[in-house]
Amino acid sequence: MRARNDERRQIARELHDITAQLLLELQFELACSDQQGGNWSGGSAREIVARLQDQMRCLTYMLHPPELEKYGLDGALEALALGMSARTGIDIRFKVRGYRDGFPPEMELAVLRIAQEALMNVFKHSRSDRAEIRLHCTCNWLCLRVRDFGVGNKNRKAIVSGLGVGLRGMAARMSEVGGEVRVSPLDRGTAVTAVVRSPLGICNEMTCPKSCPGPSARWRFKAR
């Protein structure tokens, strides 16, 4: 319930901070058109409407990403990276290792939401011109890592406290599917890591020690 409420608050903030502001700008432009009469070209209003359309497309995608049902988690993350890169100008690279079909839909959706929230924080707070999404699936673990190369340790206090990065909402969302999330400030940038035990486990850690990291090692995974 906390995760759902946080999501609703985020949507409300987006509508209030961006969509409502654009509507006010449009209202102002239309008022100017009444004053200028035939001298008004309407160019600014058309630009505002285009920005509103982009904003609404982003919100509807956040509510229900269609790629998840069509292409699975790896395809949805790749589409997210491409879409966010095109919209924001940030160079976002996606890498995947070991993914296979069959994860519960609620688990895949939770991981996708973490990636979305992490990328929105990259866009809003990191001042980074590039980012990475890495999906690493082993026999027993599903791991996601989103990393930017921005301010990092300079915002350590805010990051560690969870302010401005939606950490509580991300943690609640992963907790619903039995997973965990960690936000780590680095010397260059910030890393958001989410891990959840896979219900598809087909081996134990004694027979597959390299590809199935234990509970403490799973935070340090690297997808090549």
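Residues numbered from 1 in each chain as written. Predicted model: local features only at pLDDT ≥ 70, side-chain atom pairs only at ≥ 80, totals over all residues. Heavy atoms only, no water.

Identification of the chain as Histidine kinase from Novosphingobium mangrovi is taken from an unreviewed UniProt entry.

Enquirer: Just give me the short version of the pattern of salt bridges, but keep the residues and values in it.
Expert: In total, this model carries two salt bridges according to the counting rule given. The closest approach of N and O atoms between Arg 93 and Asp 91, which form a salt bridge, is 2.9 Å. By relative accessible area, which is 52% here, Arg 93 ends up exposed. With its nearest N and O atoms 3.4 Å apart, the salt bridge here joins Glu 132 to Arg 134. Side by side, Glu 132 and Arg 134 carry an identical accessibility label, which is buried. (Salt bridge = Lys/Arg side-chain N within 4 Å of Asp/Glu carboxyl O. Buried < 20%, exposed > 50% of the residue type's maximum accessible area, 1.4 Å probe, protein only.)

Enquirer: Which residues make up the packing of aromatic side chains, and what values do they have?
Expert: For the coordinates displayed, the defined rule picks out one aromatic pair. An angle of 25° between the planes, with centres 6.0 Å apart, marks the rings of Tyr 99 and Phe 103 as stacked. Here Phe 103 falls in the buried class, since its relative accessible area comes to 5%. Here Arg 197 stacks its cationic end above the ring of Trp 141, 5.0 Å away from the centre of that ring. (Phe/Tyr/Trp six-rings, centres within 6.5 Å; stacked < 30°, edge-to-face > 60°. Lys NZ or Arg CZ within 6 Å of the ring centre and 35° of its normal.)

Enquirer: Tell me about the confidence of the model for the chain, and name the residues and values.
Expert: Here the chain averages 76 in pLDDT, while 67% of its residues score no lower than 70. Ranking the elements of the chain by mean pLDDT puts helix α5 (residues 156-161) last with 58 and strand β1 (residues 91-97) first with 95. Here residues 213-217 scores under 50 on pLDDT; set against residues more than four positions off or in separate chains, the count is seven contacts. (pLDDT = per-residue confidence, 0-100. Helix = DSSP H or I, 4+ residues; strand = E, 2+ residues; numbered from the N terminus. Contact = heavy atoms within 4.5 Å.)

Enquirer: An account of the pairing of strand β4 (residues 180-186) is requested, with residue identities and associated values reported.
Expert: Alternating residues of β4 divide into Val 181, Val 183 and Pro 185, all buried, and Glu 180, Arg 182, Ser 184 and Leu 186, none buried. Alignment of β4 against strand β5 (residues 189-197), held across seven bridges, turns out to be antiparallel. Among the inter-strand pairings, Pro 185 is bridged to a residue of β5, identified as Thr 190. Hairpin connection from β4 to β5: two residues lie between these consecutive antiparallel strands. (Pairing = 2+ DSSP bridges.)

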